[in-house]
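This is what each chain is made of:
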Amino acid sequence: MRMKKCWFCSSTIYPGHGIQFVRNDVKIFRFCRSKCHKNFKMKRNPRKVKWTKAYRRLHGKDMTQDSTFEFERKRNRPERYDRNVTENTLKAIKTIDKVRSRREAKHIERRKKGKKAQQTIEAVKELEQSISLVKAPAFLRVDPSLTLPKIMVKVSQGQESQSQRMEE
C-alpha cells in the first residue's frame, strides 16, 4: 500500500483519499483534504499557517533533525525480495518507532521545562503586584509593612474649614 504525503500539511494520504492537482508544468500536488487544497489555492505559505507540520518544525515545536528520519525517506531503487531481510526490517521498524517516541517525549519535556520557568517568573511578578489580595486582612493588621503607607491629603470644601484633613 503506497501512502503519499500532503503537499500542504505533510499528513499521510491513504489510497483512494485526497485531492490531486496537476499544474501546467506537470508538477503534481496532493492534498489530504479540502482545507489544504483551499489554502493552497489562496496561495498561503504552509510555513506561516500554525496547524501545519512545516510551521511546527520551523518554530521548534516538533523535532527537525533526528537520525530516525533517515529510515522514513522514500527510496525509488528496486530491491530483490529476500525473506530474511524483510523479517529483519520489520523488527528494526518496531525498535525505530520506540526510539523515535522516546526522543519525541524527551523533546516535549524540554519544551515544557522552558515554559514552566516562564510561568513561574510571571506568577512571581503578579504576586508582587497584588500581595494585598493574597494576604488575609487580619494578617495585614498584625504586620503593617505589607500595606501601603497612609498619606495625609488636604481636602478643600467650601462649607467646612480648610484645616480639616482626610486620610487616604
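Quantities reported herein were computed from a predicted structural model and do not represent experimental measurements.

(A) Representation of the overall build of the protein chain within the structure. Assigned secondary structure in the protein chain consists of five helices and six strands. Accessible surface computed for the protein chain: about 15100 Å², of which carbon and sulfur atoms make up 53%.

(B) Structural view of the nonpolar core. By size, the foremost hydrophobic cluster in this structure holds 10 residues: Cys6, Phe8, Cys9, Ile13, Phe29, Phe31, Cys32, Cys36, Phe40 and Val49. Excluding its chain neighbours within four sequence positions, the residues that come into contact with Phe8 are Phe31, Cys36, Asn39, Phe40, Arg44, Pro46, Val49, Trp51 and Thr52.

(C) A look at the environment of Gly18. One can find Gly18 in the loop between strand 2 (12–13) and strand 3 (19–22). Gly18 sits in the partly exposed class, given a relative accessible area of 44%. In the structure, Gly18 is positioned 15 residues away from Arg33 in sequence and 5.4 Å away in space, judged by C-alpha atoms. Those residues within four positions of Gly18 in sequence are excluded, and the remaining contacts are Ile13, Phe31 and Cys32.

(D) Just helix 1 (residues 34–41), in detail. Residues of helix 1 that are buried include every one of Cys36, His37, Asn39 and Phe40, and no others. Burial along helix 1 is one-sided: seen end-on, the buried residues are contained in an arc of 165 degrees. Taken from the residues just after helix 1, Lys43 is the one with a positive phi, measuring 60 degrees.

(E) Region of the structure containing the packing of aromatic side chains. In the structure shown here, the tally under the stated rule is seven aromatic pairs. Relative to Phe29, the ring of Trp7 lies with its centre 5.2 Å away and its plane at 90 degrees, an arrangement referred to as edge-to-face. One end of the pair, Trp7, is in the loop between strand 1 (4–5) and strand 2; the other, Phe29, is in strand 4 (residues 28–31), with 22 residues separating them in the sequence. Aromatic ring contacts, followed pair by pair, group Trp7, Phe21, Phe29, Phe31 and Phe40 into a single cluster. The lysine or arginine in question, Lys27, covers the ring of Phe29, its NZ or CZ lying 5.0 Å from the ring centre. The ring centre of Trp51 lies 4.1 Å from the NZ or CZ of Lys35, which sits over that ring.

(F) Geometry of the pairing of strand 4. Here strand 4 shows a buried face lined by Phe29 and Phe31 and an unburied face lined by Ile28 and Arg30. Two elements, strand 3 and strand 4, share four bridges in a ladder whose sense is antiparallel. When the sheet's bridge partners are listed, Ile19 is paired in strand 4 with Phe31.

(G) Seen up close, a nonpolar patch on the surface. Nonpolar side chains collect at one region of the surface, where Met1, Met3 and Tyr14 lie side by side and expose about 390 Å² of accessible area between them. In this fold, Met1 is placed in the segment before strand 1.

(H) Layout of unusual backbone geometry. A positive phi angle, close to 65 degrees, is found at Val26, a residue other than glycine. Examined against the element boundaries, Val26 turns out to sit in the loop between strand 3 and strand 4. We note that Lys43 has phi near 60 degrees; this positive angle belongs to a residue other than glycine. For Lys43, the position within the fold is in the loop between helix 1 and helix 2 (53–58).

(I) Representation of the pattern of salt bridges within the structure. One pass over the structure, following the stated rule, counts two salt bridges. Between Asp25 and Arg23 there is a salt bridge, and its shortest N-O distance comes to 3.1 Å. Note on Arg23: relative accessible area 38%, which makes it partly exposed. Salt-bridge contacts for Lys91 lead to Glu87; the nearest nitrogen and oxygen are separated by 3.8 Å. One end of the pair, Lys91, and the other, Glu87, are both in helix 3 (residues 83–129), four residues apart, so they sit about a helical turn from each other.

Criteria and cut-off values
Residues numbered from 1 in each chain as written. Predicted model: local features only at pLDDT ≥ 70, side-chain atom pairs only at ≥ 80, totals over all residues. Heavy atoms only, no water. Helix = DSSP H or I, 4+ residues; strand = E, 2+ residues; numbered from the N terminus. Areas by Shrake-Rupley, 256 points an atom, 1.4 Å probe, with all protein chains shown as cover. Core = buried A, V, L, I, M, F, W, Y, C linked by side-chain atoms within 4.5 Å. Buried < 20%, exposed > 50% of the residue type's maximum accessible area, 1.4 Å probe, protein only. Contact = heavy atoms within 4.5 Å. Arc of directions from axis to C-beta. Phe/Tyr/Trp six-rings, centres within 6.5 Å; stacked < 30°, edge-to-face > 60°. Lys NZ or Arg CZ within 6 Å of the ring centre and 35° of its normal. Pairing = 2+ DSSP bridges. Patch = residues over 30% accessible without salt bridge, like charges linked within 9 Å, V, L, I, M, F, W, Y side chains within 5 Å. Salt bridge = Lys/Arg side-chain N within 4 Å of Asp/Glu carboxyl O.

All quantities given are derived from atomic positions and should not be read as evidence of function.
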